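Letter by letter, the chains look like this.
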Amino acid sequence: MNDQTLTPEERAANLKGMGSSRKRVEDVRFTQGKGNYVDDIKLDGMLFGDFVRSPYAHARVVSINAEEALKVPGVLAVITAKDLEPLGLHWMPTLAGDKQMVLADGKVLFQGQEVAFVVAEDRYAAADGVELVEVEYEELPVIVDPFEALQSDVVLREDLDPAADGAHGPRKHHNHIFTWEQGDKDATEAVLAEADVVVEEMVYYHRTHPCPLETCGSVASMDKVTGKLTLWGTFQAPHAVRTVASLISGIAEHNIRVISPDIGGGFGNKVGVYPGYICSIVASIVTGKPVKWVEDRMDNLMSTAFARDYWMQGKIAATKEGKITGLWCHTTADHGGFDACADPTKFPAGFMNICTGSYDIPVAYLAVDGVYTNKAPGGVAYRCSFRVTEAAYFIERMIEVLAIKLNMDAAELRRINFIKADQFPYQSALGWEYDSGDYHTAWDKALKAVDYEGLRKEQAQQLEDFKAGKTRKLMGIGLTHFTEIVGAGPVKNCDILGLGMFDSCEIRIHPTGSAIARLGTISQGQGHATTFAQIIASEIGLPADDITLEEGDTDTAPYGLGTYGSRSTPVAGAATAMAARKIRAKAQMIAAYLLEVHDDDVEFDVDRFVVKGAPERFKTMKEIAFAAYNQAIPGLEPGLEAVSYYDPPNMTYPFGAYICVVDIDVDTGETDIRSFYALDDCGTRINPMIIEGQVHGGLTEALAIAMGQEIAYDEMGNHKTATLMDFFIPTSWETPTYVTDHTTTPSPHHPIGAKGVGESPNVGGVPCFSNAVHDAFRPFGLTQSHMPHDHWRVWKTARELGLHA
Amino acid sequence: MIPGAFEYHRPASVAEAAGLLSQLGDDARVLAGGHSLIPMMKLRMADLSHLVDLQDLDEMKGIKITVSSVTIGAMVTQHELIADDALAAAVPIIREAALQIADPQVRYVGTIGGNVANGDPGNDMPGLMQCLNATYEVQGTEASRMINAREFYESAYFTAREEEEILTRIHIPRPAGGTGYAYEKQKRKIGDYATAAAAVLVGGGEASVAMTNLSDTPVWSQDAGKALASGDVEGCVAAVMGAIDPADDMRGPVEFKKHVAGMILRRAIDRALSRAS
Ligand SMILES: Cc1cc2nc3c(=O)[nH]c(=O)nc-3n(C[C@H](O)[C@H](O)[C@H](O)COP(=O)(O)OP(=O)(O)OC[C@H]3O[C@@H](n4cnc5c(N)ncnc54)[C@H](O)[C@@H]3O)c2cc1C
């Protein structure tokens, strides 16, 4: 049945396994508008819930009057904190060990906070009801600045005992959340005191928002007959949601089924637990009917998880020649009204301690202070592993500032400080063990690809022309070499709310040689159904096209911690390979039996087992699958399936070298990205086309963040960027053409050597764009300016540097 | 983002539409492309009980071009303005400006009538119409009347149009052959309103200059036009700078907008002069 004339290479190509740019199987439905998102779910008798939200950033809630709202035809109930209190659900735990109000309990802490939940027969009646709920507020002083918060007498969190420790140790002030320290403070300060050169800078990474195309939402359906709760939602971690829902509601875990259907982008926004989820569940329990809650864009931008907002004070010490001798960082982290960061429990500032970056820095010290303010809660990893973007931005800015001080070329400064290929596995001063890397090779390849020297010459010429009045445009060259840390993570280190961060895969081969695989992760656009089938295809020799992949239904998928922090390939991808290998091991025994030889006398060959030394004698995987079910094989159970729960021994450390060129109009502040070159090393490459797509998407989000996207508040705590008119999402028009490239340095500890790539372009892209803008102004004395580099901020920089004479 | 309840009407003639407006009073509003009005309703900033849809009114569609003037029906979409080659030949600045409005999706439905009638200082067409010295024809239950675009805008969202009047047509005198033109707009992204925009016509001893989104109405400056007509670019810029009054927003503070307005205007003037013959 198998064509013996095909070469092994041809047979491998037919599998569309690892290395193949297989087209995304998901796109068949997505490109036809046939996806099935939460808002597509329609159940008999389904109700709709909507929030009354606070117009104030800080106020007491004096009274709530729902009388008029309840008169609206179709409005069934208005739920407030008072109604949730008897159930113990007026507050909920956050992922960061804090608690958050589900509905305003006496006061509100940010504009847009959920105050009451109006349940109605449809979303129109709900919206009319929301308009008519009368809430009386008494305004309180507003604090939007984290430094002011730490000085202020105003107590934001009256529910917390100021004398008691927080979830991460002692609190220094009533608006302080935690201090997190890493590294060696004394040794670092000693190095700083004696160094040839020390530069100090405040690097601010502004508040922004993941703003996925699909906003957050849920549909809860409590079946009072079976006692089963089904919860559909935009969950990046459906199993964790099930466990947490069980723990806080008291409903037995087997009676809760959580389903993440298609998700239209997550980027960290859909990791957390939101009041809307809880309220839809409570409303369903109360009414006995399914209840849907879906945010609109303004709800999403105002209330569900923001990202960044880190004030990073840095000091870097170096020799005259530019060898870095020490790094010091103190970060003031604005967490908003509740600490709802999504970080592993032991890491309240995520993996910010990757801030030594790609450099061999002998000593370092990091301290992070978390602070409450009157802003929305969150602090999620927006297309990055926990706080890795902040860390990369910090070190890549500090390197540039040091280069200015030393009057050195920033590419050369990086090169002399890179960790060398022979130093891996590398122990960093802030506690990580980098698994593998070859930074010099990547860097040299990148510089050569863009003709770095040529660019610098061109830039010098343009500067001359500028000074001579021949042009009003400046050219900037942005450099970045980033190192990520992804794939959380070893269970011994990493848990969320006590749930260990392993992941899983279960594979079932059907008798005819097709298969279904289920994972503990959930795709939000990453193309898991495409890539994970490719891993299986290569590992067991069945065509990827014959493998169905399912995720997101906790009743069917094996337990796992979900998709964020680029962990799917490093963790669930590893589980997939390991499960496939279990199947291959059984297949080997079956093949040997069928071929009447000893197990050790057959070997795997692309899509079959062959008798060693006799390649004409073989059994294909399809034949083996059929036999596994239909032939009595002594000593073997029927069937062909396996499950693997994978606890990774370490994280993976993807890296990359990015270079971009920007032209800046100093008179209008307009910027134009002339070119962008991105070299990524994510270890073994499973699907090059998907990698390229991920890089394009991540770079575009990085462009947005660096050049215009922000969550801004005025001093009264009013949210100023709650629509897409002011919150910048680039269209194809603003998006430059990207050139992608790669090197391949496999992870030594991952079964297939893969590292994860989805977030690299955001981590590396933001500093690259920002460095380019800074670089353009370097000859005029600019060391640091704050993102986003929108027209007016760029203009302001030019003005302050005296370029508008 | 859910509007309150409203009644929907779809009249078959301008007279019927005007009749509905006068009968329903304050609670009614006409609906053209809906791309300004519907967002306001979804934000519940406009609370209306009746929408009178103009979609069926063929009398308000179409573009007529004669030797001396152009007449554009209020229901002509921005996309149709761009697609009309004869219009582009007669008054090329219209295509140039329309291409800088919003994005293709918005332009497929947004109309010129809605754009100029709305009175939103961010809209591009009002300034352009002032620059072109256009006249709006409006019709109530009585006979129609003409209002010059330069006298139409009173303050943000307040215009010389009476509540029950419908803007039916726009009459534009054709600029003399060889008139240089330019529409320059700085914006943060596609789909954004102007940080600053300038419409300039110059040639044959005449000039006209209007600015957008730099005050609560479009800014057409007679002095600026006069100065430019006499070749005094600096005088033109100075006159405009004296007339604008921008407000700060997420695009930037007043100082920035004024500076950008000057830059954009100079660029428009340069480009218009380079096209004048
Ligand atoms: C994302 C986005 C970006 C945009 N960017 C720009 C931009 O850059 N520049 C720009 O100029 N515009 C922009 N717009 C606005 C767009 O051009 C609108 O379509 C236009 O301003 C209104 O036209 P409309 O036909 O949609 O009017 P509608 O929204 O239907 O009506 C607007 C108002 O005018 C009234 N009205 C409409 N027609 C008439 C009439 N014939 N007589 C009397 N009153 C009438 C209505 O009652 C209503 O009050 C943008 C819109 C969106 C959604």
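Treat the numbers as computed from the prediction; the structure is a model and nothing was measured. Throughout this description, residue numbers start from 1 for each chain and increase along the sequence as written. In the order they appear in the text, chains get letters beginning with A and ligands get numbers beginning with 1. Selection of residues for local features in this predicted model requires a pLDDT of at least 70, selection of side-chain atom pairs for listing and counting requires 80 or more, and totals for whole chains, interfaces and linings are taken over all residues. Side-chain metrics in this entry use all non-hydrogen atoms of the structure; hydrogen atoms and water are not considered.

**Digging into the overall build of chain B**
Counting from the N terminus, the helices are the DSSP runs of H or I reaching at least four residues and the strands are the DSSP runs of E reaching at least two. Assigned secondary structure in chain B consists of eleven helices and 14 strands. A radius of gyration in this sense is built from C-alpha atoms; the matching globule rule multiplies 2.2 Å by the number of residues raised to 0.38. Relative to its length of 277 residues, chain B is compact, with a C-alpha radius of gyration of 18 Å against a globular reference of 19 Å. Taken over the C-alpha atoms alone, chain B extends approximately 55 × 45 × 30 Å along its principal axes. For the exposure calls, accessible area comes from a 1.4 Å probe over protein chains only, and a residue counts as buried if that area is under 20% of its type's maximum, exposed if over 50%, partly exposed in between. Relative to its 277 residues, chain B shows a buried fraction of 53%. In what follows, residue pairs with any heavy atoms lying within 4.5 Å of each other are defined as contacts. Excluding contacts between residues fewer than 6 apart, the proportion of contacts in chain B whose partners are at least 24 apart in sequence is 61%. With an accessible surface of roughly 11300 Å², chain B has 49% of that area assigned to carbon and sulfur atoms. Of the charged side chains in chain B, 25 are positive and 36 negative; the average position of the first set lies 7 Å away from that of the second. Here the accessible surface of atoms and residues is derived via Shrake-Rupley with a 1.4 Å probe, and residues count as covered only by protein chains that are part of the display. Positive charges come from Lys and Arg, negative ones from Asp and Glu, while His and the chain ends are left out of the count. The location of each charge is read from NZ of Lys, CZ of Arg, CG of Asp or CD of Glu.

**Considerations on the site of the ligand**
Nearness of a residue to a molecule or strand requires only that one of the residue's heavy atoms be within 4 Å of it. By nearness alone, 32 residues border the ligand, and Val30, Gly33, Gly34, Thr111 and Asp124 of chain B come closest of all. The ligand sits at a junction of chains, with neighbouring residues supplied by chains A and B. In protein, a polar contact means a hydrogen-donor-capable atom and an acceptor-capable atom, both N or O and within 3.5 Å, with residues adjacent in sequence counting only if both atoms are side-chain atoms; elsewhere, any N or O pair within 3.5 Å suffices. Alanine 32 of chain B places a polar main-chain atom, nitrogen or oxygen, 2.8 Å from an oxygen atom of the ligand. Here an oxygen atom of the ligand and a backbone polar atom of leucine 37 of chain B are 2.7 Å apart.

**Structural notes on the sheet that holds strand β3 (residues 75-79) of chain A**
Residues and elements named next belong to chain A. Strands sit in the order β3-β7-β1-β14-β11-β12-β13 across an open sheet of seven strands; the sheet is mixed. This sheet does not close on itself; its edge strands, each paired only once, are β3 and β13 (256-259). Across the sheet, the axes of successive neighbouring strands diverge by a mean angle of 20°, strand direction being ignored. Only when DSSP finds a minimum of two bridges between them are two strands counted as paired. Here six bridges tie strand β1 (residues 47-53) to strand β7 (residues 114-120), and the two strands are oriented antiparallel to one another. Angular values range over 0 to 180 degrees, each being the angle between N-to-C directions of two axes fitted as lines to C-alpha atoms, with helices fitted over their stretch in contact.

**A short note on the interface of chain B and chain A**
A common measure of how large an interface is: the accessible area buried when the components associate. Between chain B and chain A, the residue contacts involve 23 residues of the former and 28 residues of the latter. By buried area we mean the combined loss of accessible area, with a 1.4 Å probe, across both parts when two parts are placed together. Carbon and sulfur atoms supply 60% of the area buried between chain B and chain A, which totals about 2300 Å² over both sides. For this analysis, a salt bridge means a side-chain nitrogen from Lys or Arg found within 4 Å of a carboxyl oxygen belonging to Asp or Glu. Measuring nitrogen to oxygen at the nearest pair gives 2.7 Å for the salt bridge that ties aspartate 665 of chain A to arginine 267 of chain B. At the surface where chain B touches chain A, the tally comes to 13 residue pairs in polar contact (both at pLDDT 80 or more). Among the elements that take part in the side of chain B that touches chain A, helix α11 (residues 254-275) of chain B stands out by supplying six residues, more than any other. Throughout, the ten residues Ala, Val, Leu, Ile, Met, Phe, Trp, Tyr, Cys and Pro are labelled nonpolar, Asp, Glu, Lys and Arg are labelled charged, and all others, Gly among them, are labelled polar. A per-class count over the side of chain B that touches chain A returns ten nonpolar, five polar and eight charged.

**Some details on the domain arrangement of chain B**
All names here are of chain B. You can read the domains of chain B as domain 1 (7-53), domain 2 (58-173) and domain 3 (180-275). On a C-alpha basis, the centres of domain 2 and domain 3 stand 20 Å from each other. Counting from both sides, the interface comprises 24 residues of domain 2 and, opposite them, 27 residues of domain 3. Contact with domain 3 buries area across many residues of domain 2, yet Glu96, Gln100 and Cys131 alone supply 27% of it, more than any other trio. With its nearest N and O atoms 2.8 Å apart, the salt bridge here joins lysine 185 to aspartate 124. An automatic or database domain assignment supplies the start and end points of every domain.

**Concerning the pairing of strand β14 (residues 291-294) of chain A**
All names here are of chain A. Burial of the side chains of β14 extends over both faces: Val291 and Trp293 are buried on one face and Lys292 and Val294 on the other. Sheet analysis places strand β11 (residues 217-223) next to β14, joined by four bridges and oriented antiparallel. Considered in β14, the bridge of serine 218 is made with tryptophan 293.

**Digging into the packing of helix α20 (residues 791-800) of chain A against α11 of chain B**
When two helices pack together, their arrangement is given by the angle between the helix axes and by the axis-to-axis distance. Taken N-terminus to C-terminus, the directions of α20 of chain A and α11 of chain B make an angle of 85°; their axes are 11 Å apart at the nearest point. Between α20 of chain A and α11 of chain B, the crossing angle belongs to the class labelled roughly perpendicular. Of the residues in α11 of chain B, those touching α20 of chain A at His791, Trp792, Trp795 and Arg799 of chain A are Glu255, Phe256 and His259 of chain B. Between 65 and 115 degrees an angle is taken as roughly perpendicular, under 35 as roughly parallel, over 145 as roughly antiparallel, and anywhere else as oblique.

**Here we look at the environment of glycine 756 of chain A**
Residues and elements named next belong to chain A. Following the sequence through the fold, glycine 756 ends up in the loop between β33 (738-742) and α19 (760-777). Judged by its relative accessible area of 9%, glycine 756 falls in the buried class. Sequence-wise, glycine 756 and leucine 724 are 32 residues apart; in three dimensions their C-alpha atoms are separated by 30 Å. Dropping the residues within four chain positions of it, glycine 756 is found in contact with Ser566, Thr569, Pro570, Pro654 and Cys682.

**So, helix α9 (residues 222-229) of chain B**
Residues and elements named next belong to chain B. Among all positions in α9, only Ala224, Gly225, Ala227 and Leu228 are buried. Mapping the buried residues of α9 onto a view down its axis gives an arc of 165°, with all of them on the same face. The exposed residues of α9 that point more than 90 degrees off its buried face are Asp223 and Lys226. Of the surrounding secondary structure, the elements contacted by the buried residues of α9 are β12 (196-203), β13 (206-212), α10 (233-243) and α11. A positive backbone phi angle near 85° is found at glycine 231, which sits one or two residues after α9. Starting at the helix axis, one direction is taken to each C-beta atom, and the arc is that of these directions.

**Side note on the sheet that holds strand β2 (residues 59-65) of chain A**
Residues and elements named next belong to chain A. Spatial strand order, β6-β2-β8: three strands in an open sheet with antiparallel pairing. Of all the strands in the sheet, the pair left with one neighbour each is β6 (107-108) and β8 (134-139). Two strands pair when backbone bridges link them, and β2 and β6 are joined in this way by two bridges, in the antiparallel orientation. Within β6, the residue paired with arginine 60 across the bridge is lysine 107.

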